[in-house]
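Topology and contacts: notes
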Amino acid sequence: MFSIPKRRLLAGAGVSLGAIAAPLAASVAVRSALGQAQPPAASHGGHQAGHSAPGMEGENAVIGQVDHARNGFDPHEILTDWDVGEVTTDAQGRRVREWLVTAVDKEVEVAPGLMFPAWTFNGRIPGPTLRCTEGDRLRVVFNNGSAHPHTMHFHGIHSWRMDGVSYAGLVQPGGTFTYEFDAKPFGCHLYHCHALPLKRHIHKGMYGAFIVDPDPARHPDAIAVAESRLLGSGRNAEWQEIMICMNAFDTNFDDENEIYAANTIPFAYQQKPIRVERGRKLRIYLVNITEFDPINSFHVHGNFFDYYDHGTTLTPTSRMVDTIMQCQGQRGIIEMDWSEHEPGQYMFHAHQSEFAELGWMSHFEVV
């Protein structure tokens, strides 16, 4: 099979490909996507445009801009677009949240000019960030508009009948299935397709974050911390919260990734840094769903953070660290404070150099 090393593969996606299943075509299409840093994009999605970090001109980046409007999603909007569903109350007085999620086959521009034949939830990668509160009754109506069988498998506690695997919740093309379960445990979780072959369904884009906020009433010994995580509460408003999904793409289908990213688009937060207010602590819901690599990682420059593995505790599982590793499916919550830092741009990225050089490179702009 024709093969080119990863760095050369992500080397010049200046030509749009409608189909990239042929390895040779994909290899040629991506040959020079690594190049000089680009001018900032326009401000949108609630995050002001930043500028390239000093001295970045000689570092790896992509040439050109991904058309987020054509994709139908923007990595800067994905940071904060929590989907809380439609909320009702049942006959027992319990809060019920309901979502409608549809599987869609779609070409997605995963690097400038490089179209990837993706399988998606609601037409985006990652899928919608579903957010609820501990104890809610959850109802997810899943429609399969794809040409392939799919499921929604939620990391959480539920009945085997709701597990979203080949023998429980598999949905054929054109079919519908309703997953229903209680929101527990609290934490930072994820969902993904669990149809076979599993690696193909995951790497083509069928995953998303699933966040369960703690119910403060259930945690009287840590009520202030629980309230700080509860979306919409006064204490939660004091925090800046974002979701980052660490993912990657095998663009020539050789079971090896050519592109790595935070929220799908390589270098998105380098071209346009994430704005961070010094006066508000930063909380990151971090999920790793990278296929074909055993681990991914998160490293921040110039600061340290507390880490809550899986987000299922109200006290940190790691204190004062600047790097954490996650295997596929692992996730957690990062909390960091920028109040004593001077304004400026602070880098964060995977601490596998290969991943960083192939797209998983980002910046915070502390203001």
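Structure first, text after, so check above.
Here the structure is a predicted model, which means the values were calculated and not measured.

A look at unusual backbone geometry
The linkage connecting isoleucine 125 with the following residue, proline 126, adopts the cis geometry, with an omega of -10°. In this fold, proline 126 is placed in the loop between β6 (114-121) and β7 (129-133). Between lysine 184 and proline 185 the backbone carries a cis peptide bond, its omega angle lying at -5°. Position of proline 185 among the secondary structure elements: in the loop between β10 (176-182) and β11 (187-192). Although it is not a glycine, threonine 264 sits at a positive phi angle of roughly 85°. Within the secondary structure layout, threonine 264 lies in the loop between β14 (259-262) and α8 (268-271). The class for threonine 264 is buried, based on a relative accessible area of 0%. Positive phi, close to 65°, is recorded for histidine 310, a residue that is not glycine.

Notes on the sheet that holds strand β9 (residues 153-154)
A sheet is described by the order of its strands in space; here five strands give the open sequence β3-β7-β12-β11-β9, paired in mixed fashion. Edge positions in the sheet fall to β3 (82-83) and β9, since each has one partner strand and no second. As judged from the two bridges shared by β3 and β7, these two strands associate in the parallel manner. Residue pairing across strands places tryptophan 82 opposite threonine 129, the latter belonging to β7.

Let's talk about the sheet that holds strand β18 (residues 305-309)
Reading across from one edge, β14-β13-β16-β21-β18-β19 is the order of the six strands in this open sheet, with mixed pairing throughout. Edge positions in the open sheet fall to β14 and β19 (318-321), since each of these has one partner strand only. The mean angle between the axes of side-by-side strands here comes to 20°, regardless of whether they run parallel or antiparallel. Relative to strand β21 (residues 331-336), strand β16 (residues 281-288) is paired through six bridges, and the arrangement is antiparallel. If you follow isoleucine 284 over to β21, its bridge partner there is isoleucine 334.

Some words on the pattern of salt bridges
In this structure the tally under the stated criterion is 20 salt bridges. The salt bridge partner of glutamate 241 is arginine 131, with a shortest N-O separation of 3.0 Å. A residue pair is termed long-range when its members are at least 10 positions apart, and glutamate 241 in strand β13 (residues 239-249) and arginine 131 in strand β7 qualify at 110 residues. Neither residue differs from the other here; glutamate 241 and arginine 131 are each classed as buried. Across the pair arginine 280 and glutamate 277 runs a salt bridge whose closest N-O atoms are separated by 3.9 Å. Through salt bridges with shared partners, a single network forms among Asp90, Arg94, Glu98, Arg137, Arg139, Glu180 and Asp182.

Let's talk about the packing of aromatic side chains
Tallied over the entire structure, the rule returns 20 aromatic pairs. Ring centres 4.0 Å apart and planes at 10° place the aromatic pair tyrosine 260 and phenylalanine 355 in the stacked group. In this pair, tyrosine 260 sits in strand β14 while phenylalanine 355 sits in helix α9 (residues 353-357), placing the two residues 95 residues apart along the sequence. Judged by its relative accessible area of 4%, phenylalanine 355 falls in the buried class. Pairwise contacts between aromatic rings join Phe121, Phe142, Phe154, Phe177, Tyr179, Phe181, Tyr191 and Phe210 into one cluster. Here the guanidinium or amino end of lysine 204 rests over the ring plane of phenylalanine 116, the centre of that ring lying 5.5 Å away. When the ring centre of tyrosine 308 is taken as reference, the NZ or CZ atom of arginine 229 above it lies at 4.9 Å.

A word on the environment of glycine 135
With respect to the helices, strands and loops of the structure, glycine 135 is situated in the loop between β7 and β8 (137-144). Glycine 135 sits 51 residues away from phenylalanine 186 along the chain, and the two C-alpha atoms are 8.8 Å apart. Setting aside residues up to four positions removed in sequence, glycine 135 forms contacts with Arg94, Ala183 and Arg218.

Quick notes on the state of the cysteines
In total, this model carries zero disulfides according to the counting rule given. Unpaired in terms of disulfides, cysteine 245 finds its nearest cysteine sulfur in cysteine 188, a separation of 9.6 Å.

Regarding the environment of lysine 184
Structurally, lysine 184 is set in the loop between β10 and β11. The partly exposed category is assigned to lysine 184, whose relative accessible area is 41%. Along the chain, lysine 184 and arginine 137 lie 47 residues apart, while their C-alpha atoms are 9.7 Å from each other. Every residue in contact with lysine 184, bar those within four places of it in the chain, is listed here: Gly156 and Ile157.

About the criteria used
- Residues numbered from 1 in each chain as written.
- Predicted model: local features only at pLDDT ≥ 70, side-chain atom pairs only at ≥ 80, totals over all residues.
- Heavy atoms only, no water.
- Helix = DSSP H or I, 4+ residues; strand = E, 2+ residues; numbered from the N terminus.
- Buried < 20%, exposed > 50% of the residue type's maximum accessible area, 1.4 Å probe, protein only.
- Pairing = 2+ DSSP bridges.
- Axes fitted to C-alpha atoms, helices over the stretch in contact; angles between N-to-C directions.
- Salt bridge = Lys/Arg side-chain N within 4 Å of Asp/Glu carboxyl O.
- Phe/Tyr/Trp six-rings, centres within 6.5 Å; stacked < 30°, edge-to-face > 60°.
- Lys NZ or Arg CZ within 6 Å of the ring centre and 35° of its normal.
- Contact = heavy atoms within 4.5 Å.
- Disulfide = S-S within 2.5 Å.

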